Amino acid sequence: MNKEEAINIINDNAESENNSYMDFMHERGLFDKHSFWKFYNSIRLLGYEFRNDESLPRELTKKILKSYEWHLILIGFHFDENDDSSIDNLPKDFSQYSLRLRCAVNAFIEGNPISDELEGYLNEDLDNKLKNDCPTIPKLH
């Protein structure tokens, strides 16, 4: 995956299109691990790509936050007894996915990307199935 591909994945998620994670979650009511990892790795890669910039691209940041927000809202709806929404295939460790996504979003915003070393540590709790799809991100400190 390169920067342009990552931006396209973020755009697809913001619009819930093209078999993106948000397409599965929001439009189909289905948790799809493959599309989750594509979304996560896109944010991770973009965190690395924009790490030295004084400011983040506003539209891109809005799209990432919108998708992350919908991730949280949809999981909340799934567990709301007064809502008819549900998510098929939601893993029992769904909270680990939410934490992992939170980690990527925060790293993007803070300009402190998730290095391969940290990724390896995080994979002890929840293995990134597409980790080889994201370019090598060295430890920066």
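Residues numbered from 1 in each chain as written. Predicted model: local features only at pLDDT ≥ 70, side-chain atom pairs only at ≥ 80, totals over all residues. Heavy atoms only, no water.

Caption draft 1: Inspection of helix α4 (residues 58-79) at higher detail. Over its 22 residues, α4 runs 32 Å from end to end, which matches the ideal 32 Å to within 8%, given 1.5 Å per residue. Among all positions in α4, only Leu60, Thr61, Ile64, Ser67, Tyr68, His71, Leu74 and Ile75 are buried. Buried residues of α4, viewed axially, fall in a sector of 165°; they line one side. Contacts made by the buried residues of α4 are with α1 (3-15), α2 (21-28), α3 (33-49) and α5 (94-110). (Helix = DSSP H or I, 4+ residues; strand = E, 2+ residues; numbered from the N terminus. Expected span 1.5 Å × (residues − 1). Buried < 20%, exposed > 50% of the residue type's maximum accessible area, 1.4 Å probe, protein only. Arc of directions from axis to C-beta. Contact = heavy atoms within 4.5 Å.)

Caption draft 2: Representation of the packing of aromatic side chains in the model. This model, assessed by the stated rule, comprises 11 aromatic pairs. Both rings, one in Tyr21 and one in Phe36, keep their centres 5.3 Å apart while their planes meet at 80°; by these two values the pair is edge-to-face. With a gap of 15 residues between them, Tyr21 in helix α2 and Phe36 in helix α3 connect regions that are remote in the sequence. With centroids separated by 5.3 Å and ring planes inclined at 90°, the aromatic side chains of Trp37 and Tyr40 adopt a geometry described as edge-to-face. Of this pair, Trp37 and Tyr40 are both found in helix α3, three residues apart, which corresponds to roughly one turn of the helix. A single burial state applies to Trp37 and to Tyr40, both of which are buried. Residue placement shows Arg28 over the ring face of Phe24; its charged tip is 4.4 Å from the ring centre. Above the face of the Tyr48 ring, Arg51 is positioned so that its terminal group lies 3.9 Å from the ring centre. (Phe/Tyr/Trp six-rings, centres within 6.5 Å; stacked < 30°, edge-to-face > 60°. Lys NZ or Arg CZ within 6 Å of the ring centre and 35° of its normal.)

Caption draft 3: α3, seen in detail. Given a rise of 1.5 Å per residue, 17 residues ought to cover 24 Å, and the 24 Å separating the end C-alpha atoms of α3 matches this to within 8%. The element α3 is largely enclosed, with a buried count of 13 among its 17 residues.

Caption draft 4: Spotlight on the confidence of the model for the protein. When pLDDT is averaged along the protein, the result is 91; 99% of the residues meet or exceed 70. At the low end of the mean pLDDT range in the protein sits helix α6 (residues 116-122), at 86; at the high end sits α1, at 97. (pLDDT = per-residue confidence, 0-100.)

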